[in-house]
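Geometric and topological summary
Listed below, chain by chain, are the residues.
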Amino acid sequence: MFDPHWLAGLRQRARQAPLMPRVPLWAAGHAIGSVLPSLCGALGRRVRPSGSADGAWQVNGPLTPTLNDIARLMRDQRIGHVAHYWRGEQLGVYNGSGECLGSIERGAVRPLGIATRAVHLVGRTANGSMWVQQRALDKANDPGQWDTLMGGMVPASDSLQTALTRETQEEAGLDVAQLREVTQRGRVSISRPTDGDAPGGSTVSPASGIGYMVEVIDWFDCVVPDGLMPVNQDGEVAQFQLLRAPELVERLQGNAFTLEASLILVAALQGSRQ
């Protein structure tokens, strides 16, 4: 179904090293992210060297207040494009065991290399076609690219199920209770430099606070009953389309979809053949 060279390239895109050396960022005895060493110097007493051999830095103070103070500083000083991505939304900060330690403004997670969580929904019809959306042209990330039926971040205040329900209503105007066979199918992970912090692919100085994306995405699928049409509610979707598998595969291999959606839809299509 898929060209193996394209598949290998897709998986390589999902696992990329930072463009510049980064050091771990710790808090409360846990690694929570990674930063450019040059950024640490701009954060003043909010962080301090941990003294470890790997050059890690430590959040210096109560986690959530200090991280949000750091976020405001980066926004006000226009470090790492934080102002551009500022959303007034708190995302969870987790340790390696998945325990939520605190929260931080969404716009600051990439410069600090803090892992985020997201949820996506693949919407099938009874005949095997799939609903997909085109992201609005004014989206901060991947404007105009194609995506799953629904995809969104999981805020610190939400459970995975709460985020799935809310985002499905906001993005597609669909009540999860109206959908059939809603099932959690898998998880994909992405780690890569963020395009938004290196405009136009230009050379970025160490002082710029270039971002690094670490994201874990839980994805669900469902059957959208015949006659039920997705309608965007929050202005973040340009249009929805219903595609049969051959056309979906063609668009995927033409790189019309976001990296996240591509990984999920490949898994969904391959799973449908098993």
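Described in the following lines is the structure provided in the data block. (Residues numbered from 1 in each chain as written. Predicted model: local features only at pLDDT ≥ 70, side-chain atom pairs only at ≥ 80, totals over all residues. Heavy atoms only, no water.)

What about the overall build of the chain?
Broken down by element type, the chain carries seven helices and 13 strands. At 19 Å, the chain has a C-alpha radius of gyration in line with the 19 Å of a compact globule built from 274 residues. Among the 274 residues that make up the chain, the fraction classed as buried is 51%. Expressed as a percentage of contacts within the chain between residues at least 6 apart in sequence, the contacts between residues at least 24 apart total 68%. A gap of 5 Å separates the mean positions of the 25 positive and 27 negative side-chain charges of the chain. (Helix = DSSP H or I, 4+ residues; strand = E, 2+ residues; numbered from the N terminus. Rg over C-alpha atoms; globule rule 2.2 N^0.38 Å. Buried < 20%, exposed > 50% of the residue type's maximum accessible area, 1.4 Å probe, protein only. Contact = heavy atoms within 4.5 Å. Lys, Arg positive; Asp, Glu negative; His and termini not counted. Charge placed at Lys NZ, Arg CZ, Asp CG, Glu CD.)

Side note on the sheet that holds strand β3 (residues 47-49)
Reading across from one edge, β2-β1-β4-β3 is the order of the four strands in this open sheet, with mixed pairing throughout. Every interior strand has two partners, whereas the edge strands, β2 (30-35) and β3, have only one. Taking the axes of each pair of neighbouring strands and ignoring which way they run, one obtains an average angle of 35 degrees across the sheet. As paired strands, strand β1 (residues 23-27) and strand β4 (residues 57-59) are joined by two bridges and run parallel to one another. (Pairing = 2+ DSSP bridges. Axes fitted to C-alpha atoms, helices over the stretch in contact; angles between N-to-C directions.)

With respect to the side chain of threonine 194
Among the secondary structure elements, threonine 194 is positioned in the loop between β11 (180-193) and β12 (212-223). With sequence-adjacent residues up to four places away left out, threonine 194 is seen in contact with Arg110, Gly211, Tyr212 and Met213.

Regarding the nonpolar core
Core analysis: the biggest nonpolar cluster contains 30 residues, and Leu25, Ile32, Leu39, Leu67, Met74, Ile104 and Leu112 have the highest contact counts within it. Going through the elements one at a time, β1, β2, α2 (37-42), β4, α3 (63-76) and β5 (90-94) are the ones with two or more residues in this core. The dominant element in this core, judged by the number of residues it contributes, is α3, at six residues. The residues touching methionine 74, leaving out its near neighbours within four places in the chain, are Leu39, Leu43, Ile79, Val82, Ala108, Pro111 and Leu112. In this structure, Leu7, Val122, Phe257 and Ile264 belong to the second largest nonpolar core, which totals 28 residues. (Core = buried A, V, L, I, M, F, W, Y, C linked by side-chain atoms within 4.5 Å.)

Notes on the pairing of strand β10 (residues 150-153)
Every second residue of β10 is oriented toward a common face, with Met150 and Gly152 on one face and Gly151 and Met153 on the other, all of them buried. One ladder, built from four bridges, connects strand β7 (residues 116-124) with β10; its direction is antiparallel. The partner of leucine 121 across the bridge, within β10, is methionine 150.

Remarks on helix α1 (residues 4-13)
When α1 is considered as a whole, its buried residues turn out to be Trp6, Leu7 and Leu10. Summarising the axial view, the buried residues of α1 lie within an arc of 100 degrees, below the 170-degree limit, and thus occupy one face. Within α1, the exposed residues directed more than 90 degrees away from the buried face are Pro4, His5 and Gln12. Backbone nitrogen of histidine 5 and a side-chain oxygen of the N-cap are separated by 2.6 Å at the start of α1; the cap is aspartate 3. (Arc of directions from axis to C-beta. Polar contact = N/O pair within 3.5 Å; in protein donor to acceptor, adjacent residues only side chain to side chain.)

Here's the deal with the packing of aromatic side chains
Across all of its chains, the model carries one aromatic pair by this definition. Relative to tryptophan 6, the ring of phenylalanine 2 has its centre 5.6 Å away and its plane inclined at 20 degrees; by these criteria the two rings are stacked. Neither phenylalanine 2 nor tryptophan 6 differs from the other in exposure class; each is buried. Over the ring of tryptophan 86 we find arginine 75; its NZ or CZ atom is 4.4 Å from the centre of that ring. A cation over a ring is seen here: arginine 251 above tryptophan 146, with NZ or CZ 4.8 Å from the ring centre. (Phe/Tyr/Trp six-rings, centres within 6.5 Å; stacked < 30°, edge-to-face > 60°. Lys NZ or Arg CZ within 6 Å of the ring centre and 35° of its normal.)

A few points about the environment of leucine 19
The topology assignment puts leucine 19 in the loop between α1 and β1. With 173 residues separating them along the chain, leucine 19 and arginine 192 place their C-alpha atoms 8.8 Å apart. With sequence-adjacent residues up to four places away left out, leucine 19 is seen in contact with Pro193 and Ile210.

Section: the pattern of salt bridges
For the coordinates displayed, the defined rule picks out 14 salt bridges. A salt bridge links arginine 87 to glutamate 236, with the nearest nitrogen and oxygen atoms 3.7 Å apart. Of this pair, arginine 87 sits in the loop between α4 (82-85) and β5 while glutamate 236 sits in the loop between β12 and β13 (237-243); the two residues are 149 residues apart in sequence, bridging distant segments of the chain. Assessed through its relative accessible area of 42%, arginine 87 is described here as partly exposed. A salt bridge links aspartate 221 to arginine 185, with the nearest nitrogen and oxygen atoms 3.0 Å apart. Of the two residues, aspartate 221 sits in strand β12 while arginine 185 sits in strand β11, which places them 36 residues apart along the sequence. According to the relative accessible area criterion, aspartate 221 is buried, its value standing at 6%. Each of Asp158, Arg166, Glu167 and Glu170 takes part in a single network of salt bridges with overlapping partners. (Salt bridge = Lys/Arg side-chain N within 4 Å of Asp/Glu carboxyl O.)

Any functional reading would require information beyond the geometric quantities listed.
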